[in-house]
Amino acid sequence: MPVTSRTQVGIVGAGPAGLLLSHLLALAGVDSVVVENRTRAYCEARQRAGLLEAGTVELLRSVGLGKRLDAEGIEHDGIYLQFLGERHHLNFRELTDGRWVTVYAQTEIVKDLIAARLANGGAIEFSCSDVSVSGVTSDRPMLSYTDSSGVAHEVSCDVIAGCDGFHGVCRPLIPDLQVSERTYPYAWLGILANAAPSTDELIYSRHADGFALYSMRSPEVSRLYLQVAPDESLDRWPDDRIWAELQKRFALDGWSVSEGPITDKSVTAMRSFVAAPMRHGRLFLAGDAAHIVPPTGAKGLNLALSDVVVLANALRALLKEGSWKLADAYSDTCLRRVWRCTHFSWWMTSMLHVTPGSDAFESQLQLAQLSYVSSSRAAALSLAENYSGYEPVRFEL
Ligand code: FAD
Ligand code: DHB
């Protein structure tokens, strides 16, 4: 017989979305249980995003998660765009009303969230198997799973939050889902290297041989990406070839990429994906469970956390005050931001990558756009406003 229990919100997935939701709900006095199929160590080490919008930083600070972020995060005023062998700086702080971005890795946000939940007695079950959700159109949906010791559980909930990423079990429970999707004919090869970054801010470089991005994790660790073929094998990319390609795509007189031991290498596919609606009955999707953007605009993580703020406000109103108003509006409210970010990420991706087999017309359009963004205040402001975070959401404390 399964062990039965009761909570208000059953959360599937201990990524940034599920963990932040559990944290915000606790602040609002709403109980939750987080069920995750990976180990805690795996969740804390998964290399992914690294760049936070100003609004995301302000949110994390306002809910007690700013201590290590403020000590270790690196604030940047803007970014560099490089094309035709020249590097141009876009200063977001000057262009906007003082907006900025902060480098702070997703791994660190996940560590901070897990530590904060466990310190406050929060329930997170790692290493679960057979996770499933049922009864989402009834008043008492059920979250079922087998824990790491092999014991089966059934948790009776008021609401289920599907924060289980792109390959999770929750999205398929929504009938008549409308999916809008694009795949791109390239992927990113990402590396982490023990090398002091030789740039103060991120460089997005369009080179005739493909896009490259220079990011960082700390004053000692660089994070770099190269556009590669979608089915690229890491076996074809020994360290020497990676550094040679990076030096070529970022080449500038009197300057070079600083090299060091590579500690992580991976290839990430590029896709845009939006599923609607994001709610069915008492099941709400948030983050990558509902949408994916290509990484070029650094939106994925920020978007996931914005969904969660909208959801936490809605669930507080529903579970503390009995009002369905915000819950009913949840999907439409989120999808407006999702589509803005989907457009921005697609636009940045299309402007900076070389499409295999493309002709001079496409390259000239890309160069014309890059030149416009680097010289017109209006065009630069549009990029700055989207990149640093358009219309940040607020958690009602
Ligand atoms: P996730 O982080 O995917 O978390 C979902 C969680 O659910 C995971 O812990 C997963 O193990 C768990 N889960 C899945 N299925 C189940 C199940 N059946 N039962 C229980 N738990 C389950 N964004 C950027 O902005 N910049 C980047 O450079 C960048 N790089 C990325 C690289 C990769 C390889 C990927 C996959 C994504 C990247 N992203 C990037 C996107 C960004 O990391 C995501 O948008 C962000 O992780 C979304 O958070 P999430 O909590 O919604 O989903
Ligand atoms: C990082 C990733 C991105 O996709 C991006 O646009 C900026 C930074 C990063 O991993 O640091």
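Residues numbered from 1 in each chain as written. Chains lettered and ligands numbered in written order. Predicted model: local features only at pLDDT ≥ 70, side-chain atom pairs only at ≥ 80, totals over all residues. Heavy atoms only, no water.

(A) Local environment of the packing of aromatic side chains. Going through the model one piece at a time under the given rule, you end up with twelve aromatic pairs. Look at tyrosine 204 and phenylalanine 211: their rings are 6.1 Å apart centre to centre, the planes differ by 35°, and that puts the pair in the tilted class. The same class applies to tyrosine 204 as to phenylalanine 211, namely buried. Over the ring of tyrosine 42 we find arginine 38, and its NZ or CZ is 4.2 Å from the ring centre. (Phe/Tyr/Trp six-rings, centres within 6.5 Å; stacked < 30°, edge-to-face > 60°. Buried < 20%, exposed > 50% of the residue type's maximum accessible area, 1.4 Å probe, protein only. Lys NZ or Arg CZ within 6 Å of the ring centre and 35° of its normal.)

(B) Structural view of the site of ligand 2. Looking at ligand 2, there are 13 residues lining it, with Tyr204, Ser215, Arg217, Tyr225 and Pro295 nearest. Separating an oxygen atom of ligand 2 from a backbone N or O atom of alanine 298 is a distance of 3.3 Å. Out of a free accessible area of 290 Å², ligand 2 has 96% covered by protein chains. Per-class residue counts for the shell around ligand 2 are seven nonpolar, three polar and three charged. (Near = heavy atom within 4 Å. Polar contact = N/O pair within 3.5 Å; in protein donor to acceptor, adjacent residues only side chain to side chain. Areas by Shrake-Rupley, 256 points an atom, 1.4 Å probe, with all protein chains shown as cover. Nonpolar A, V, L, I, M, F, W, Y, C, P; charged D, E, K, R; others polar.)

(C) Layout of the pattern of salt bridges. Applying the stated criterion to the full structure yields 21 salt bridges. One salt bridge connects glutamate 44 with arginine 40, and the closest N-O pair in it is separated by 3.1 Å. Taken together, the residues glutamate 44 and arginine 40, both in helix α2 (residues 40-45) and four residues apart, mark about one turn of the helix. By relative accessible area, which is 17% here, glutamate 44 ends up buried. It is possible to trace a salt-bridge network through shared partners that takes in Arg61, Asp70, Glu75, Asp77 and Arg93. (Salt bridge = Lys/Arg side-chain N within 4 Å of Asp/Glu carboxyl O. Helix = DSSP H or I, 4+ residues; strand = E, 2+ residues; numbered from the N terminus.)

(D) Quick peek at the site of ligand 1. Close to ligand 1 lie 30 residues; Glu36, Arg46, Arg48, Gln106 and Asp288 are nearest. Interatomic distance of 2.7 Å between a side-chain N/O atom of aspartate 288 and an oxygen atom of ligand 1. Here an oxygen atom of ligand 1 sits 3.2 Å away from a polar atom, N or O, in the main chain of glycine 300. The fraction of the free accessible surface of ligand 1 (990 Å²) that becomes covered by protein chains is 86%. For the shell around ligand 1, the elements supplying multiple residues, two or more each, are α1 (16-27) and α8 (300-321). Among the elements that make up the shell around ligand 1, the one with the highest residue count is α8 (three residues). Taken together, the residues that form the shell around ligand 1 break down as 14 nonpolar, nine polar and seven charged.

(E) A look at helix α11 (residues 377-388). With twelve residues, α11 ought to run about 16 Å at 1.5 Å a step, and its terminal C-alpha atoms sit 16 Å apart, in line with that. Every buried residue belonging to α11 is among Ala379, Ala380, Leu383, Ala384, Asn386, Tyr387 and Ser388, and all of these are buried. Where α11 begins, the side chain of serine 376 points an oxygen toward the backbone nitrogen of alanine 378, at a separation of 3.2 Å. (Expected span 1.5 Å × (residues − 1).)

(F) Highlighting the side chain of serine 218. By secondary structure assignment, the location of serine 218 is in the loop between β16 (210-216) and β17 (222-228). Polar contacts involving the side chain of serine 218 include one to the main-chain amide nitrogen of valine 221, which spans 3.1 Å. Those residues in contact with serine 218, other than ones at most four positions away along the chain, are Ile74 and Pro197. (Contact = heavy atoms within 4.5 Å.)

(G) Representation of unusual backbone geometry. Residue proline 277 is reached from alanine 276 by a cis peptide bond, and omega for that bond is 0°. Phi is positive for leucine 84, close to 50°, though the residue is something other than glycine. Looking at the secondary structure, you find leucine 84 in the loop between β6 (78-83) and β7 (86-91). Backbone geometry at aspartate 176 places phi at a positive 55°, although glycine is not the residue there. With respect to the element layout, aspartate 176 can be found in the loop between β13 (159-162) and β14 (178-193).

(H) Empty space enclosed by the protein, seen in detail. The tally for this structure, following the rule as stated, stands at one cavity of 30 Å³ or more. Taken together, Glu53, Gly55, Thr56, Leu59, Asn302, Leu305, Ser306, Val309, Pro392 and Val393 make up the lining of the largest cavity. Within the residue set of the lining of the largest cavity, elements represented by two or more residues are α3 (54-62) and α8. The element that contributes the greatest number of residues to the lining of the largest cavity is α8, accounting for four residues. Residue composition of the lining of the largest cavity, grouped by class: five nonpolar, four polar and one charged. (1 Å grid on protein atoms, 1.4 Å probe; cavity = no way out; pocket = protein on both sides within 12 Å on 5 of 7 lines; lining within 4 Å. Points joined across faces, edges and corners; volume = space filled by probe spheres on them.)

(I) Seen up close, the packing of α1 against helix α6 (residues 106-119). Interhelical geometry of α1 versus α6 gives an angle of 35° and a closest axis separation of 10 Å. Considering only the axes of α1 and α6, their crossing is left-handed. Between α1 and α6, the contacting residues are Pro16, Leu19, Leu20, Ser22, His23 and Ala26 on the first element and Gln106, Val110, Leu113, Ile114, Ala116 and Arg117 on the second. Grouping the constituent residues of the contact of α1 with α6 by class yields eight nonpolar, three polar and one charged. (Axes fitted to C-alpha atoms, helices over the stretch in contact; angles between N-to-C directions. Left-handed = near helix turned anticlockwise from the far one by under 90°.)

(J) Layout of the sheet that holds strand β19 (residues 279-280). The strand order across the open sheet formed by six strands is β9-β3-β2-β13-β20-β19, and the pairing between neighbours is mixed. Because the sheet does not close on itself, it has two edges, and the strands there are β9 (123-125) and β19. The pairing of strand β2 (residues 9-12) with β13 spans four bridges and is classified as parallel. Across the sheet, residue valine 12 finds its bridge partner in β13, namely glycine 162. (Pairing = 2+ DSSP bridges.)

(K) Molecular detail of the layout of surface pockets. In this structure, the second largest pocket occupies an estimated 250 Å³ of space. Forming the walls of the second largest pocket are 17 residues, and the residues nearest its centre are Thr333, Arg336, Arg337, Tyr390 and Glu391. Looking at the lining of the second largest pocket, the elements with two or more residues in it are α8 and α9 (325-352). The element that contributes the greatest number of residues to the lining of the second largest pocket is α9, accounting for seven residues. Taken together, the residues that form the lining of the second largest pocket break down as six nonpolar, four polar and seven charged.

Keep in mind these numbers describe shape, not what the thing actually does.
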